[in-house]
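These are the residues of each chain, in order.
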Amino acid sequence: LFGTLGEKQVRDGFQIVTPSLGSLELQFQQVSAVRYLTARASWPKNDPTVTTSDVIIKKTGDKAEGALLLIEKGQVTYHSTALQREVILKTEELAALLLVTDLEKAPNPPASLYSILAATDGSTLHGTIQGLVSGILEFRDLHGMTHKVPVGSVASLYFRNGRVV
């Protein structure tokens, strides 16, 4: 997903606002990485496997480990493993956040009509089409969230299995 962090605080997650998909609330367990586009030069070449603690990567290249508590517009709050206290960093200091994910809990793709929706801003969603009404495509992602996407914001739809008639 491509967008900006939203104003709303989300328990165990964060809000992102995308040009094509609008406002989305994401849970931490649904996300493996958050990258700050303004710090592209500081991104790690290969994301390390994150298994025990979230990893905070600063533009300077410094890394910190801990548990992300809050991602919001302007700042990130995490509990530092090394310092054993909460730390708040301004987003302009950050290059990327790598989150612990449990791949065993990742949702399975649907058995039929598994679709990949590519939006005009470069964002993609994986899931199934629920319907099309008055130029709005209803799309349910693999996490069960329903998105209403204007057809003008859809760059392409790709079907991995099944057929649409």
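It should be noted that the structure appears before, not after, this text.
Residues numbered from 1 in each chain as written. Predicted model: local features only at pLDDT ≥ 70, side-chain atom pairs only at ≥ 80, totals over all residues. Heavy atoms only, no water.

**Quick notes on the sheet that holds strand S6 (residues 63–72)**
Think of a sheet as strands paired side by side through backbone hydrogen bonds, with each pair either parallel or antiparallel.
Here's step 1: The strand order S4-S9-S5-S6-S7-S8 describes an open sheet built from six strands, whose pairing is antiparallel. Each edge of the open sheet is held by one strand with a lone partner, namely strand S4 (33–35) and strand S8 (85–90). Geometrically, the sheet is characterised by an average inter-axis angle of 35° between neighbouring strands, direction not taken into account.
Here's step 2: Pairing analysis gives four bridges linking strand S5 (residues 54–58) to S6, with the strands arranged antiparallel. Across the sheet, the residue bridging to Asp 54 is Gly 66, located in S6. (Pairing = 2+ DSSP bridges. Helix = DSSP H or I, 4+ residues; strand = E, 2+ residues; numbered from the N terminus. Axes fitted to C-alpha atoms, helices over the stretch in contact; angles between N-to-C directions.)

**So, the sheet that holds strand S3 (residues 22–27)**
Here's step 1: Spatially, three strands are ordered S1-S2-S3 in an open sheet, and the strand pairing comes out antiparallel. Edge strands, defined here as strands with exactly one partner in the open sheet, are strand S1 (4–10) and S3. Neighbour to neighbour, the strand axes of the sheet diverge by 30° on average, direction disregarded.
Here's step 2: Strand direction decides the pairing type here: S1 and strand S2 (residues 13–18), joined by four bridges, are antiparallel. Bridged to Leu 5 within S2 is Ile 16.

**A look at the pattern of salt bridges**
Pairing between side chains of opposite charge can happen when the charged atoms of each approach one another.
Here's step 1: For the structure on display, the rule yields four salt bridges.
Here's step 2: Of the charged contacts in the structure, one is a salt bridge between Lys 8 and Glu 25, with a shortest N-O distance of 2.5 Å. Of this pair, Lys 8 sits in strand S1 while Glu 25 sits in strand S3; the two residues are 17 residues apart in sequence, bridging distant segments of the chain.
Here's step 3: In this structure Glu 25 comes out as partly exposed when scored by relative accessible area, which is 31%. (Salt bridge = Lys/Arg side-chain N within 4 Å of Asp/Glu carboxyl O. Buried < 20%, exposed > 50% of the residue type's maximum accessible area, 1.4 Å probe, protein only.)

So, to be careful, I would describe these as geometric facts and stop short of saying anything about function.
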